[in-house]
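Listed below are the residues making up each chain.
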Amino acid sequence: MRTDDQLIDLSIEMDNFILEKAQKYSIGALEFSAIMNARLLLLNQVAQGEEDFKALLVSIANTHLKPEQHTVQ
């Protein structure tokens with residue numbers, strides 16, 4: 001089981017990875033999101049979790065995200 005601190009650290013690392021790649025390839029947020037979601041969907045198809053992944057995306061899309069609480073460092 002991962003701790004909250006480990007999940008926060010992972011989130012920060014992912015944020016920094018996203019920013020680094022977006023800058024490296026001069027790619028906008030929407031285009032980058034499309035690429036990442038396509039790759040994540042493929043990962044979940046291979047892992048036989050496609051429907052759960054799609055349900056997760058819908059669940060996230062229906063929440064009130066708070067950008068001011070981002071983890072980008």
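Reference entry: report on the structure contained in this document.

Parameters at a glance
- Residues numbered from 1 in each chain as written.
- Predicted model: local features only at pLDDT ≥ 70, side-chain atom pairs only at ≥ 80, totals over all residues.
- Heavy atoms only, no water.
- Patch = residues over 30% accessible without salt bridge, like charges linked within 9 Å, V, L, I, M, F, W, Y side chains within 5 Å.
- Areas by Shrake-Rupley, 256 points an atom, 1.4 Å probe, with all protein chains shown as cover.
- Salt bridge = Lys/Arg side-chain N within 4 Å of Asp/Glu carboxyl O.
- Helix = DSSP H or I, 4+ residues; strand = E, 2+ residues; numbered from the N terminus.
- Expected span 1.5 Å × (residues − 1).
- Buried < 20%, exposed > 50% of the residue type's maximum accessible area, 1.4 Å probe, protein only.
- Arc of directions from axis to C-beta.
- Contact = heavy atoms within 4.5 Å.

## Some remarks on a nonpolar patch on the surface
Turning to step 1, where the next piece is worked out: Nonpolar side chains collect at one region of the surface, where Leu7, Leu10, Met14, Phe17 and Ile18 lie side by side and expose about 400 Å² of accessible area between them.
Turning to step 2, where the next piece is worked out: Relative to the helices and strands, Ile18 is located in helix α1 (residues 4-24).

## As for α1
Spacing of three or four residues puts side chains on the same side of an α-helix, whose turn is 3.6 residues.
Turning to step 1, where the next piece is worked out: If you check α1, its first and last C-alpha atoms are 30 Å apart, about what 21 residues at 1.5 Å a residue would give, namely 30 Å.
Turning to step 2, where the next piece is worked out: If you check which residues of α1 are buried, you get Ile12, Asp15 and Ala22. The arc that holds the buried residues of α1, viewed along the axis, is 100°, so those residues lie on one side. More than 90 degrees from the buried face of α1, the exposed residues found are Glu13 and Lys24.
Turning to step 3, where the next piece is worked out: Those residues of α1 that are buried are in contact with α2 (29-46).
Turning to step 4, where the next piece is worked out: Where α1 ends, the next residue or the one after it, Ser26, has phi of about 45°, a positive value.

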